[in-house]
Structures are given as C-alpha cells and as structure tokens.
Amino acid sequence: MSEPVIRMEKIVKTYYQGKPNELEILHGIDLVVNQGEFVSIVGESGSGKSTLMNIIGVLDRQTSGNYYLEGQDVNSMTDEVRSAVRNQRIGFVFQNFNLLPRANALKNVMVPLMYGQTRVKTQKERAMEMLAMVGMEERAMHRPNELSGGQKQRVAIARAMINDPAIILADEPTGALDSKTGHMVMDLFHKLHEEQGKTIVLITHSQELAAETQRIVTILDGEIVAERGGEH
Amino acid sequence: MFFENIKEAITSIFSNKMRSLLTMLGIIIGISSVIIITTIGGSIQSTLTATLNSMGGNTVSTYVEARYPENEEDWETWVYPTLEADDYVTQEMIDGLIEAYPDEVKGVAASSYLGSGQVKDVADSDNYANVNLNGVTPEMLEYMKLELYAGRNLTDADNVGQKKVCLIADTMAERYFNGENPIGEKLSVTTSDGNIFDLVVVGVYEYNQALFGKVDTSIPEKDRVTEMMIPIQTSFKLQGTEQTGYEYFNILLTPLADVEQATLDITAYFEEVYADNEDFHIYAYNMQSDMGMINTVINVITLAVSGIAAISLIVGGVGVMNIMLVSITERTREIGVRMALGAKRKTIRQQFVIEAIMLCLIGGTIGILLGIGIGALLGQVAGFVIQNMYSEYANYIIMEVHPSGMAITLSLFFSMLTGVFFGYYPANKAAKMEVIDALRYE
Ligand SMILES: Nc1ncnc2c1ncn2[C@@H]1O[C@H](COP(=O)(O)OP(=O)(O)OP(=O)(O)O)[C@@H](O)[C@H]1O
Ligand SMILES: [Mg+2]
C-alpha cells in the first residue's frame, strides 16, 4: 500500500504547557487517512476536533507525537516550507468561510495562486474554472457581502481546490448554513471525492452528513473512541 | 506579487479614505511646506539671477571715479575734479586689459547718448521715425542680449574710422521702409538741436520687449521711439567733443571667468594705469556679490524650514505607524487567512510595508501638489514684491516661478523612507503572528 496522505502517531496537544493551568487537549491521537478517502470526524463540542484538524492542516503544531503528511515529517519543516505546504498541498474550508472582504469572488479564489511559487499566465482562467466547478462563475465579480452563506462556502471550496491540493480539510463547513444549503455544499464534496478522487477530512455535528462519508472517526475528550466504516 | 501588493495597498487605503487622509496629514504638511519654501526661494533666486543676468550677469560694471580725500579734514576744502578728455578710459586701455587677462576679459560695452532725433524721408514728408541716437561699442549688442535680425553688427573698424553707419530696430525698419530691405539705405536724422546727420543702415536688431519694455500702444505707431545705434567714436565726432574714451561702461567676461576674480584683476589693472592720475581712478564692481548674500539668506531659510518639515515628517511617520498598528490588529483574521492560504511571513511583512509606503507616498504626492500650487502663488507674490521694490528696473525683471525638481525628488524619497521606517515595525508585528492565533482572533 502506498504512503497514506496523513499518518499521525501519538499526537498530544497541550495548552499553557509548564504553567499551573496546563491543559492537555489531545491525549495521543493515532490517525491514518489514505489517498482518496472521505473521512468525517465527529464528537461533542470541546472534544478537540478543531484542535486536531488545525494540526492536520499545518496551522498549528502538536506538543508531541509524529505527523507525516504525504510521508514528510511536518514537525521538522521550516516556517517557509510549512507555508508552501499549506499553499500547495492543503485546501482548507472554514465554518465561517474566511473570504477576504474587500476582494471579489474571483480574486478570493486567486489568493492561493498569488502566494504560490509557480507563475501561471492563465491564473484567471484557472480561477474561473474553479468557480464554474462550484457553479459560481456568474458571481465571479461579486464581493463576499453580496453573496449568501452557501455561495460564500462554494467560493471558499473553489479557493481550496485551486492549487489541486493533496487533501481538503473542512471544519464544520455546513455549520453556518441551513440544512438544505448544507446538503448542497455536502454534495459538492461528494462530487470532488467521486469525480476527482480528492482525499477529504470533514468535521461535522450532523450525524446525517457524517453517515454519507466512507469513515467516521469519533473523538471524545481528546481521544479517538470509535471508528466506523473505512477500508483498512 | 509586488504589483499585486501595491494594488491591494491602494484598495486598503481607499477603503478607509477619511482615516488615511488624517493619517497622511503630517506628511502632507511636512512635504508641502518644503515644496512651498523651495519654490519661493527658488523663484526669488532665479528671478534675481535672471534679472541680474539681463542687466549684465557675467560682466563687471566699471566707471571713472574721483579720488576722494582720505582725511576727514580735507573733505571741507575738496571739490569734485572736472573730468578732462584724458581722464576717460580709452579703447587702448581696454585692449591692454584684454591682453593682460585674455582668459577673463572679452571686451567692453560702452555707450554715449547723443540725443533724440527724427529720421525724415526726403521723398515722402509723411514718412518719418522717432529715434534715440546712441553711440556704442560693438559689444553692446551682446551685452544687451539683442539679436541681429539682418545685416551686420557695428565693428571696431566702424569705430576707428568713425563711420557714419547705424543699427536700427526691426520694428522701425518694418514701418519706415515699408517692408523693403533697409540694409545699405541712407537715413537722414535731424536731432532735437537741429543737426542733420546722414547715416547708412548696416544692420537691423530685433526689438526686445524685456529690455525696452512693453510697446506703448497709446502712442501712434509711427511716433513710437526706437533706439538707433551708431559707432561710439562716430557719436563723439558728431557731438564735437574731444572725448574719445568711456566713463561708465561694462566689461564683458568670458563664459568661464570667475566674476569676483575678474573684478579684482580689473581693479588692479586700472590702479596701475591710473597710478599717475591724481584726480581720478577706476571703480569696478559686480552684482554677483549682492546675489551671493541673498542666496545665503534663502538657503538658511530653506534649511530651517526643511528641518521643521523633517520633524513633521517624523510626527507624520509616527501617525502612519500608529494607524498601521490599528489596521493590523483589525485585520488579524485576514492575516491569519492569508497565512493559512500559504502567505509566507516575509510576504505579509512586504504587504504591510508597501501599504505604509503607499500611504506615505500618496501623502507626499498630495503634499507636493499642494506645495507646487501654493508655492507658485506665493512665488508670484514674491516676484511682484521684488518688482515693486526695484520698480526702476521693472523692465529688466524676469519672473521665473517653478518648483524645484530636486525638492520634489527628495520629497518623494523621504516620504518613501518614512513609510519604510515607520511601516516596518507594524509590518513585522503582523509577520510574526502565529497563523492559528491570527485565525482564531475575534
Ligand atoms: N488556544 C487555546 N488555548 C487554550 N485552550 C484552547 C485553545 N484552543 C482550544 N482550546 C480548548 O481545547 C478544547 C478543544 O477545543 P476544540 O476547538 O478543538 O473543540 P471542538 O471539538 O472543535 O469543539 P466544537 O465542536 O465546539 O468546535 C476546548 O476545551 C478549548 O477550550
Ligand atoms: Mg471546532
């Protein structure tokens, strides 16, 4: 079997380390996500899902344990390399969209290209393609405050996809949306997974949405307590 | 990336117009005051320079002056000596001066006013022209910065031979000769005291408004007076005087000559030539020494204002730093998002430094434009004041108001420097944020 996209060994995250109010949130997480998997992470509020997701997304650092992204030891990466990894290998979708307010949809989608190494002449066409993929090409010139929540999230997904990342990480992407819109966004993830074979890790509070994924990882108080589905 | 950063910086600055403008205020005031003062200073300097040049910049003014008594008690019995024919400065002395200082001295512009007169057409009594008759050396044309329009200038040979030739103004030639070629034509001039001289036209010079003043249109065209020039030796002969030398004259210098040094050399030369003359000696001076003092005063003022401007630039810079810190705090989430999408620390730093630079450059540019406007206005006023102060030279005063290119370049440079200096700290603060903390910032 080829190298998994994510391989985590005994990941521990501690806040306020060495202080009297020291707080261990993740207590040694072991997690493997293979190429092309669609995994959901569930668990009650405060259980540490986002904390884990931020480590996976190279937004945060673990306190101890090993994390290999596509076989590369993330812990030993320099700041610059971590930026490049976020830019090239990871597509993040946030609950609150996190679009740049002053830029229109097209510009927002192009931001990762701006920070990339390669100078592509066809940046605009590429961004338009992404917008078309999420059905937003007609709103390319609209600013975020002129878009609905579902539309914003579709723009955010287009942005996450533009550098053809190894993995899409989505932390409650439907959390701010009503259930109908949430389903539409969810369908988009399924489309990316099925048509493009994208590896996707999704945090959700909805049992219904989680059930649609291939594998459900349940976290309780910073530990993985159950795994259902999957093709190990 | 760089270009996109500039675009983003401008978007960000313009999305907060009022705040940006208030932030720029210190820089606008600092820069505009420098531009204003350099524009005014520059226009005073160049007006004076141009004026003095038009009155003889690269020349030494020279005249025959009585030797005043050295002791105070002698003043009471002293009477101003009469100028005899052999007290004047002769062309030979000038030639000797040129020979002694060939690198400095070029010639002499001397004139002798013969009086007013009227050119009368024998064939047509309605055709006449009013003129002033001036005896001049050939160098007069150059000294007065007059252009020859047709024919030739007067020559040394005209002087030596006391030829009855003349130069006339193009305005007069045009009208009196009714468009026909005046060169070689004979003119009959009747002077105000009744003498009649016949003169042959050898050249026509271009009338110069700056030199002779605006044409007085209240006088009918045919009655307007123009200057007619004849060889100075001819004028002496026509006057019937024994005088062959000059009393007041200007010595023309070579372009490379140092005016101060030449003045000293000329003084020394004539001290020797006039050593035996008990009554008179030669006094030589130049206007550039006056100019030097005015320049010093203007430079000191410019420097003082620049100092004040530097302080306001620093104050403005602190304002920029302050607003950048506020802006970075406000945009912490945005910084986090950018980092999450792959922006490197140095890219974030660059973005905010560029924003600070743009803020300062826009402020600087507004300051420059404001300064040019106000400076031009005040420069005009300053020129007007000079013109009134020296109203007797009003015709010679040439107004030149333009902002200093050097000041503009330096202003832009220093606004940019302010942006870099005061933008770096906030930008670095932004760059040092941890991506997760920035993203979670509320
Ligand atoms: N920066 C931090 N400093 C201190 N404690 C933190 C920090 N970030 C998270 N925590 C704590 O870690 C725990 C897990 O938080 P996390 O955001 O991972 O929960 P979650 O499972 O995503 O919850 P939710 O479903 O509500 O989003 C919480 O108790 C939280 O208070
Ligand atoms: Mg969470």
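Just so it is clear, the model here is predicted, and its values are computed rather than measured.

1. A few points about the overall build of chain A
Thought 1: Along chain A, the regular secondary structure elements total seven helices and ten strands.
Thought 2: The C-alpha radius of gyration computed for chain A amounts to 18 Å, which stays within 12% of the reference 17 Å derived for 232 residues, consistent with globular compactness.
Thought 3: Considered along the principal axes of its C-alpha atoms, chain A spans approximately 50 × 40 × 40 Å.
Thought 4: Considering only intrachain contacts with a sequence separation of at least 6, the fraction spanning at least 24 residues in chain A is 71%.
Thought 5: Accessible area of chain A: about 10300 Å², with a carbon and sulfur share of 47%.
Thought 6: The averaged location of the 30 negative side-chain charges in chain A is 9 Å from the averaged location of its 25 positive side-chain charges.

2. Focus: the interface of chain B and chain A
Thought 1: Contact with chain B, which involves 25 residues of that partner, is made by 21 residues of chain A.
Thought 2: Summed over the shared surface of chain B and chain A, the number is three salt bridges.
Thought 3: Seen at the junction of chain B and chain A, the total is five residue pairs in polar contact (both at pLDDT 80 or more).
Thought 4: Counting only elements with at least two residues in the side of chain B that touches chain A, the list comes to α1 (2–14), α11 (332–340), α12 (345–389) and α14 (435–440) of chain B.
Thought 5: The element contributing the most residues to the side of chain B that touches chain A is α11(B), with six residues.
Thought 6: Looking at side-chain class alone, the side of chain B that touches chain A contains nine nonpolar, six polar and ten charged residues.

3. Comments concerning empty space enclosed by the protein
Thought 1: Scanning the model with the defined rule gives one cavity of 30 Å³ or more in all.
Thought 2: What the largest cavity holds in volume is close to 90 Å³.
Thought 3: Taken together, 14 residues make up the lining of the largest cavity; nearest its centre are Arg86(A), Ile90(A), Gly91(A), Ala160(A) and Leu341(B).
Thought 4: When residues of the lining of the largest cavity are traced back to their parent elements, those giving at least two are α2 (79–88), β6 (90–93) and α5 (149–161) of chain A.
Thought 5: Looking at the lining of the largest cavity residue by residue, the classes come out as eight nonpolar, four polar and two charged.

4. So, a negative patch on the surface
Residues and elements named next belong to chain B.
Thought 1: Among the surface-exposed residues, Glu84, Asp86, Glu242, Asp276, Glu278 and Asp279 lie close enough to one another that they form a single negatively charged patch.
Thought 2: Topologically, Glu242 is positioned in the loop between α8 (232–239) and β9 (248–253).
Thought 3: Taking relative accessible area as the criterion, Glu242 reaches 69% and is therefore assigned exposed.

5. Some details on the nonpolar core
Within soluble globular proteins, side chains that are nonpolar generally end up buried alongside one another.
Thought 1: Ile6(A), Met8(A), Leu52(A), Tyr67(A) and Leu69(A) are the most contacted members of the largest nonpolar core, which has 74 residues in total.
Thought 2: It is α12(B) that provides the largest number of residues to this core, a total of eleven residues.
Thought 3: Not counting residues within four places of it along the chain, the set of residues in contact with Leu69(A) comprises Val5(A), Ile6(A), Val58(A), Val74(A), Val85(A), Arg89(A) and Ile90(A).

6. Quick look at α11(B)
Residue and element names in this part refer to chain B.
Thought 1: Among the nine residues in α11, eight count as buried, and that is most of the element.
Thought 2: Of all the residues in α11, the buried ones are Thr332, Glu334, Ile335, Gly336, Val337, Arg338, Met339 and Ala340.
Thought 3: One or two steps after α11, the chain reaches Gly342, where phi turns positive at roughly 115°.

7. Focus: the sheet that holds strand β3 (residues 38–42) of chain A
Residues and elements named next belong to chain A.
Thought 1: Pairing in this open sheet of six strands is mixed, and the strands run β6-β7-β8-β3-β9-β10 from one edge to the other. The open sheet is flanked by β6 and β10 (223–229), the only strands paired with a single partner. Each strand axis lies, on average, 15° off the axis of its neighbour in the sheet, ignoring direction.
Thought 2: As judged from the six bridges shared by strand β9 (residues 215–220) and β10, these two strands associate in the antiparallel manner. Following the sheet pairing, Arg215 is matched in β10 by Gly229.
Thought 3: Along the sheet face, α5 touches β6 and β7 (167–171) and points at about 170° away from the line of β6.

8. Some words on the domain arrangement of chain B
Thought 1: Under the domain assignment, chain B is made up of domain 1 (2–55 + 292–440) and domain 2 (107–250).
Thought 2: Placing the centre of domain 1 of chain B and that of domain 2 of chain B at their C-alpha centroids yields a distance of 56 Å.

9. Notes on the site of ligand 1
Thought 1: Taken together, 14 residues sit near ligand 1, with Ser45(A), Lys49(A), Ser50(A), Thr51(A) and Arg440(B) positioned nearest.
Thought 2: Among the chains of the assembly, those with residues near ligand 1 are chains A and B.
Thought 3: In this structure, an oxygen atom belonging to ligand 1 sits 2.7 Å away from a side-chain N or O atom of Lys49(A).
Thought 4: Take Thr51(A): an N or O atom from its side chain is 2.6 Å from an oxygen atom of ligand 1.
Thought 5: Relative to its free-state accessible area of 630 Å², ligand 1 is covered by the protein chains to the extent of 70%.
Thought 6: Take the shell around ligand 1: its biggest share by element is three residues, from helix α1 (residues 49–56) of chain A.
Thought 7: Looking at the shell around ligand 1 residue by residue, the class counts come to three nonpolar, seven polar and four charged.

10. As for the sheet that holds strand β4 (residues 64–69) of chain A
Residues and elements named next belong to chain A.
Thought 1: Taken in spatial order, the four strands of this open sheet run β2-β1-β4-β5, and their pairing is antiparallel. In this open sheet, the two edge strands, each paired with only one partner strand, are β2 (23–33) and β5 (72–73).
Thought 2: By the bridge criterion, five bridges tie strand β1 (residues 6–15) to β4 in an arrangement that is antiparallel. In the sheet register, Ile6 faces β4, and the bridge partner there is Leu69.
Thought 3: Here α1 sits on the sheet and contacts β1, β2 and β4; the angle it forms with β1, its principal contact strand, is near 125°.

11. Observations regarding the packing of α5(A) against helix α6 (residues 179–196) of chain A
Residues and elements named next belong to chain A.
Thought 1: Taken N-terminus to C-terminus, the directions of α5 and α6 make an angle of 20°; their axes are 9 Å apart at the nearest point. Classified by the angle their axes make, α5 and α6 are roughly parallel. In the crossing of α5 with α6, the sense of the turn from one axis to the other is right-handed. Touching Gly150, Gln153, Arg154, Ile157 and Met161 of α5 are Thr181, Met184, Val185, Leu188, Phe189, Leu192 and Gln196, all from α6.

Parameters at a glance
- Per chain, residues are indexed from 1 in the order of the written sequence.
- Both sets of labels track the order of writing: A upward for chains, 1 upward for ligands.
- Predicted model: local features are reported for residues with pLDDT of at least 70 only, side-chain atom pairs are reported and counted for 80 or more only, and whole-chain, interface and lining totals are derived from all residues.
- Heavy atoms from the whole structure form the basis of all side-chain values; hydrogens and water molecules are not counted.
- Note on conventions: DSSP H or I runs of at least 4 residues are helices, E runs of at least 2 residues are strands, and numbering of each starts at the N terminus.
- Within these notes, the globule rule equals 2.2 Å times the number of residues to the 0.38 power, and the radius of gyration is based on C-alpha atoms.
- Contacts are residue-level and defined by heavy atoms, with any inter-residue pair within 4.5 Å sufficient.
- Residue-level accessible areas treat just the shown protein chains as cover; the underlying method is Shrake-Rupley with a 1.4 Å probe.
- Under the counting rule used here, the positive set is Lys and Arg, the negative set is Asp and Glu, and His together with the chain ends is not counted.
- The atom standing in for a charge is NZ when the residue is Lys, CZ when it is Arg, CG when it is Asp and CD when it is Glu.
- Here, a salt bridge means any side-chain nitrogen of Lys or Arg that lies within 4 Å of a carboxyl oxygen of Asp or Glu.
- Polar contacts, as counted here, are pairs of nitrogen or oxygen atoms within 3.5 Å of one another; within protein the pair requires one atom able to donate a hydrogen and one able to accept it, and residues that are adjacent in sequence qualify only if both atoms are side-chain atoms.
- Residue classes follow a fixed rule: Ala, Val, Leu, Ile, Met, Phe, Trp, Tyr, Cys and Pro count as nonpolar, while Asp, Glu, Lys and Arg count as charged, and any other residue, Gly among them, counts as polar.
- Site definitions follow a grid-based scheme: protein atoms alone, a 1 Å grid, a 1.4 Å probe that fits but cannot get out for cavities, and for pockets an open set with protein on both sides within 12 Å along at least five of seven lines, plus lining residues having an atom within 4 Å of a point.
- Grid points are joined across faces, edges and corners, and a volume is the space filled by probe spheres set on the points.
- Like-charged residues are merged into a patch within 9 Å and nonpolar side chains (Val, Leu, Ile, Met, Phe, Trp, Tyr) within 5 Å, provided each residue has over 30% relative accessible area and no salt bridge.
- Relative accessibility thresholds used throughout: buried, under 20% of the residue-type maximum; exposed, over 50%; partly exposed, between the two (1.4 Å probe, protein chains only).
- Buried Ala, Val, Leu, Ile, Met, Phe, Trp, Tyr and Cys residues form a nonpolar core when they are joined through side-chain atoms within 4.5 Å.
- Whether two strands pair depends on DSSP finding at least two bridges between them.
- Between the N-to-C directions of two axes lies an angle of 0 to 180 degrees, each axis being a line fitted to C-alpha atoms and, for a helix, fitted only over the stretch in contact.
- The split into domains, and so the bounds of each, comes from an automatic or database assignment of domains.
- Distances are taken per atom, and a residue is near a molecule or strand as soon as one of its heavy atoms is within 4 Å of it.
- Orientation is classified from the angle alone, with under 35 degrees giving roughly parallel, over 145 giving roughly antiparallel, 65 to 115 giving roughly perpendicular, and any other angle giving oblique.
- Should the near helix be turned counterclockwise from the far one by less than a right angle, the crossing is left-handed, whereas a clockwise turn marks it as right-handed.

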